[in-house]
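# A closer look at the structure
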Amino acid sequence: MNIKLPRGTQDLLPGVTENWQYVEGKLKDLSNRYNYKEIRTPIFEHTELFQRGVGDTTDIVQKEMYTFQDRGDRSLTLRPEGTASVVRAFVEHKLFGLPNQPTKLFYFGPMFRYERPQQGRMRQFVQFGVEALGSADPAVDAEVIALAMSGYQELGLRSLKLVINSLGDSESRMEHRNALINHFTPVKEELCGDCQSRLEKNPMRILDCKKDREHPAMSTAPSILEYLNDESREYFQKVQKHLDNMGISYVVDQNLVRGLDYYNHTAFEIMSDAEGFGAITTLSGGGRYNGLVESLGGPETPGIGFAMSIERLLMALEAEKITLPTDESVDCYFVSLGDKAKDEAVRLTYELRKAGIQVDKDYQDKKFKAQFKAADRLNAKFVMVLGEDELDKNIVSVKDMETGEQTEVSISDFITYMKNKLRKGNDHV
Ligand code: HAM
């Protein structure tokens, strides 16, 4: 039987993994500049964490979780997102007690959602995300948005659209909720089954429904922005002011509600409007979640964050025809001929690697010419030749492939010579 990979997952092979490493490196560097520290949490958690954290009425919890009983009969779930886990860890390890607040964290890792797979929608995907816990300063909202935008821009993306909204505080949301119930109740029977049940449980989610998008009641639905109380309105204005001062352009979209229940105040998404990007245009999403820490058993702590999938980021780079400067070449390739020379090449290859030099050699008993071809294919900067003649003279012949210059180097000086040539001081010997 031919076993294939599960639907909605992918294998990342050499040639592609270089792009992933490059992007991850850039995003780690960015997080470091913003002083966010890495956190790694388990890939599975108690199911209850997501039920309470992400919210019982969300699509994620209702339809998309990979939930299983373990052998001890516990209900566990492969994490569908990172925020709930980060907040759990924040509470569990009492990070709120550390002297430097807010606690600023970033993470990379696979997330799992049982969705209908399509371009840009996977069942296993990798998120990069950040969470800032412990400050209700609108400048932190702007910082998180700036970090997200910079991540894309520094990789070369141009066709970006930042959409922001405010979901207000609980008082504003309650007012808005009542207005939505009044608005949609007369047309309840015309809405899809999901929206009918959302009407009581979480009417705001109706605004995000894909099935009822064209219903006339959608465009006339009361906007959250009309229901913001003074404090929420002021907060949102300050966030916008910071973005203006930073020169980050955005549009306010009052229908942006996000698919997770923990949000309040600032919500945002970054879209790609690159031609040919595909039907799903959201690159990343995030927002403020004051209240989540308490609901997971911690002290009152405001929080904000965002997450992006690396899959969609790479799709956007492709749509904008951006090639990443990844290097698939090797520094050196050892060409050897004759049994004795081959044995010596094995030893010298080992010594070079210990000295911090990237080197490969033939392991298929190839002819001299074919070994040179392999070196060419690998784009080797230097080809080192060791045959019977060289061995007799106790030298290695080193060819600089860029200049074509060929030098005979005595075996005793060889490692130092190569180190100097490649200017790598990474000596492990
Ligand atoms: P989310 O909007 O559910 O938010 O997901 C954030 C990002 O993850 C999306 O914008 C998209 O890039 C990526 N994503 C989601 N589902 C898939 C999928 N099936 N395939 C590929 N990529 C996907 C969250 O997860 C929140 N935890 C974000 C957050 C952090 N909010 C505050 N802090």
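Predicted model, so just to flag it, every value in this text is computed and none were measured. (Residues numbered from 1 in each chain as written. Predicted model: local features only at pLDDT ≥ 70, side-chain atom pairs only at ≥ 80, totals over all residues. Heavy atoms only, no water.)

### A word on a negative patch on the surface
Together, Asp339, Asp343, Glu388, Asp389 and Asp392 give the surface a local cluster of negative charge. Looking at which element gives the most residues to the negative patch, the answer is helix H15 (residues 388-393), with three residues. Relative to the helices and strands, Asp392 is located in helix H15. (Patch = residues over 30% accessible without salt bridge, like charges linked within 9 Å, V, L, I, M, F, W, Y side chains within 5 Å. Areas by Shrake-Rupley, 256 points an atom, 1.4 Å probe, with all protein chains shown as cover. Salt bridge = Lys/Arg side-chain N within 4 Å of Asp/Glu carboxyl O. Lys, Arg positive; Asp, Glu negative; His and termini not counted. Charge placed at Lys NZ, Arg CZ, Asp CG, Glu CD. Helix = DSSP H or I, 4+ residues; strand = E, 2+ residues; numbered from the N terminus.)

### Focus on helix H12 (residues 310-319)
One full turn of an α-helix is made of 3.6 residues, so residues set three or four places apart face in the same direction. Counting buried residues in H12 gives nine out of ten residues, a clear majority hidden from the surface. Among all positions of H12, only Ile310, Glu311, Arg312, Leu313, Leu314, Met315, Ala316, Leu317 and Ala319 are buried. Of the residues flanking the end of H12, it is Lys321, one or two places downstream, whose phi is positive at about 55 degrees. (Buried < 20%, exposed > 50% of the residue type's maximum accessible area, 1.4 Å probe, protein only.)

### A word on the sheet that holds strand E2 (residues 44-46)
Read from one edge to the other, the open sheet built from three strands follows the order E2-E4-E3, with strand pairing classed as antiparallel. Both edges of this open sheet fall to E2 and strand E3 (66-69), since each of them pairs with a single strand only. When the angles between neighbouring strand axes are averaged without regard to direction, this sheet yields 35 degrees. One ladder, built from four bridges, connects E3 with strand E4 (residues 75-78); its direction is antiparallel. Considered in E4, the bridge of Phe68 is made with Leu76. (Pairing = 2+ DSSP bridges. Axes fitted to C-alpha atoms, helices over the stretch in contact; angles between N-to-C directions.)

### Concerning the confidence of the model for the chain
Taken as a whole, the chain shows an average pLDDT of 94; of its residues, 99% reach a score of 70 or greater. Scored below 50 in pLDDT, residues 424-429 makes 14 contacts in the model with residues more than four places away or belonging to other chains. (pLDDT = per-residue confidence, 0-100. Contact = heavy atoms within 4.5 Å.)

### A closer look at the site of the ligand
Close to the ligand lie 28 residues; Glu81, Glu115, Glu131, Tyr263 and Leu283 are nearest. For the ligand, a nitrogen atom lies 2.8 Å from a polar atom in the side chain of Glu131. One nitrogen or oxygen atom from the side chain of Ser309 is found 3.0 Å from a nitrogen atom belonging to the ligand. When the ligand is considered free in solution it has 650 Å² of accessible area, and contact with the protein chains removes 96% of it. Secondary-structure elements contributing two or more residues to the shell around the ligand are strand E6 (124-133), strand E10 (282-288) and strand E11 (303-309). Per-element tally for the shell around the ligand: the top contributor is E10, with six residues. Looking at side-chain class alone, the shell around the ligand contains eleven nonpolar, ten polar and seven charged residues. (Near = heavy atom within 4 Å. Polar contact = N/O pair within 3.5 Å; in protein donor to acceptor, adjacent residues only side chain to side chain. Nonpolar A, V, L, I, M, F, W, Y, C, P; charged D, E, K, R; others polar.)

### A closer look at the nonpolar core
Counting 50 residues, the largest nonpolar core has Val54, Val87, Leu133, Phe184, Met204, Leu207 and Tyr262 as its most contacted members. In terms of residue count, the dominant contributor to this core is helix H4 (residues 83-92) (six residues). For Phe184, the contacting residues outside a window of four places in its chain are Leu191, Leu199, Ile206, Leu207, Ala217, Met218 and Ala221. In this structure, Trp20, Leu155, Ile310 and Ala316 belong to the second largest nonpolar core, which totals 46 residues. (Core = buried A, V, L, I, M, F, W, Y, C linked by side-chain atoms within 4.5 Å.)

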